[in-house]
Amino acid sequence: MARGEHHRIHAHDRQQRNRLRVAQEAARLMSEHGIRDFHHAKLKAAERLSIHDAQALPRNQEIEQALRERQRLFDADSQPQQLKARREAAVEAMRFLGRFDPRLVGPVLEGTADAHSAVCLHVFSDDPDAVALFLREHGVPAELQTRRLRLSREEQADYPVLLFAADALPFDLTVMPRDALRQAPLDRIDEKPMRRASLAMVEELLDESASGDDFERMLAAARR
């Protein structure tokens, strides 16, 4: 093997090892410190590991895979219960918010939710103030923020976000116009349309008799 080829292979192997190290450290930071932003987690992980090669930064999918593996190895006793509690809370919230056609999104749907995770819902109204008013009328104080979501590779839009707590669990509602029911924004992990689940789908996810194949089918349906 030529010397140059040997160095190239060695450099590639080192880069792949570093990608794995950064992904695992980012997963640890997300799990232990509640960091929710994949980009922030990977940059912080690279800094902590003194890895400055941009090519060694893992994709979001690699970090999510490392997070799932970490939960399987270290949180097998607690994470499933935390996930179930949040899915049960999602069902109650979706019934409460039924007039706004709520859809469950994010870690609670995907199965990676932990003690730091909010129950994230998309709710739909052509009046952006209607959801906040509905919460106030029912005695639910909420903090208003704004979130930018990607609708396509070229288009982004800002949406109101309502944050509140119920039964000691955090909730995160993104308020979108009704025509956004037809087209989900892009997922931050794989840049495909975000998976979103209706109330009936979340109730089915909670069905303990469902098999692993059932879960995969339901998650695939949530992409549509």
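Scroll up to find the structure this text is about.
To start, this report covers the structure provided alongside it. What you are looking at is a predicted structure, and each value in this text was computed from that prediction instead of being measured. (Residues numbered from 1 in each chain as written. Predicted model: local features only at pLDDT ≥ 70, side-chain atom pairs only at ≥ 80, totals over all residues. Heavy atoms only, no water.)

**Structural notes on the nonpolar core**
In step 1: Grouped together as the largest cluster of nonpolar side chains are 31 residues, with contacts concentrated most on Leu97, Leu104, Val119, Leu121 and Leu173.
In step 2: Of all elements in the fold, only helix H4 (79–96), helix H5 (107–110), strand S2 (119–124), helix H6 (130–137), strand S4 (156–166), strand S5 (169–176) and helix H7 (199–205) reach the threshold of two or more residues within this core.
In step 3: With 6 residues, the top contributor of residues to this core is H4.
In step 4: In this structure, Leu104 is in contact with Ala90, Met94, Leu109, Val119, Cys120, Leu121, Arg195, Arg196, Ala197 and Val202, ignoring residues within four places of it in sequence.
In step 5: In this structure, Val22, Ala23, Ala27 and Ala41 belong to the second largest nonpolar core, which totals 17 residues. (Core = buried A, V, L, I, M, F, W, Y, C linked by side-chain atoms within 4.5 Å. Buried < 20%, exposed > 50% of the residue type's maximum accessible area, 1.4 Å probe, protein only. Helix = DSSP H or I, 4+ residues; strand = E, 2+ residues; numbered from the N terminus. Contact = heavy atoms within 4.5 Å.)

**A short note on the pattern of salt bridges**
In step 1: For the coordinates displayed, the defined rule picks out 16 salt bridges.
In step 2: Put simply, Arg70 and Glu32 hold a salt bridge, and the shortest N to O gap is 2.7 Å. Linking Arg70 in helix H3 (residues 60–74) with Glu32 in helix H1 (residues 3–33), this pair joins segments that are 38 residues apart in sequence.
In step 3: Of the charged contacts in the structure, one is a salt bridge between Arg59 and Glu62, with a shortest N-O distance of 3.8 Å.
In step 4: Residue Glu62 is classed as partly exposed on the basis of its relative accessible area, which comes to 21%.
In step 5: One network of salt bridges, in which partners are shared, links Glu25, Arg28, Glu32, Arg48 and Arg70. (Salt bridge = Lys/Arg side-chain N within 4 Å of Asp/Glu carboxyl O.)

**Overview of the side chain of Gln71**
In step 1: By the element assignment, Gln71 lies in helix H3.
In step 2: By relative accessible area, which is 5% here, Gln71 ends up buried.
In step 3: A polar contact is formed between the side chain of Gln71 and the backbone oxygen of Thr112, at a distance of 2.8 Å.
In step 4: Those residues in contact with Gln71 that lie beyond four places of it in its chain are Ala76, Gln79, Gly111, Thr112, Ala113 and Asp114. (Polar contact = N/O pair within 3.5 Å; in protein donor to acceptor, adjacent residues only side chain to side chain.)

**Notes on the sheet that holds S4**
Two modes of strand pairing occur in sheets, parallel and antiparallel, and in both the strands are linked by backbone hydrogen bonds.
In step 1: The 5 strands lie next to each other as S1-S2-S5-S4-S3, forming an open sheet whose pairing is mixed. Looking at the sheet topology across the chains shown, the edges are occupied by strand S1 (103–105) and strand S3 (143–150). Across the sheet, the mean angle from the axis of one strand to that of its neighbour is 35 degrees, orientation sign disregarded.
In step 2: One ladder, built from 8 bridges, connects S3 with S4; its direction is antiparallel. Among the inter-strand pairings, Arg148 is bridged to a residue of S4, identified as Asp158. (Pairing = 2+ DSSP bridges. Axes fitted to C-alpha atoms, helices over the stretch in contact; angles between N-to-C directions.)

**Details of the packing of aromatic side chains**
In step 1: One pass over the structure, following the stated rule, counts 3 aromatic pairs.
In step 2: Pairing Phe96 with Phe134 gives two aromatic rings, centres 5.0 Å apart and planes at 45 degrees, and the pair type is tilted. Of this pair, Phe96 sits in helix H4 while Phe134 sits in helix H6, placing them 38 residues apart in sequence.
In step 3: Judged by relative accessible area, which is 34%, Phe96 ranks as partly exposed.
In step 4: Note on Phe134: relative accessible area 4%, which makes it buried.
In step 5: For the ring pair Phe164 and Phe171, a centre distance of 5.2 Å and an interplane angle of 5 degrees mean the geometry is stacked.
In step 6: For Phe171, a relative accessible area of 5% puts it in the buried group.
In step 7: Taken together, the ring pairs in this structure connect Phe96, Phe100 and Phe134 into an aromatic cluster. (Phe/Tyr/Trp six-rings, centres within 6.5 Å; stacked < 30°, edge-to-face > 60°.)

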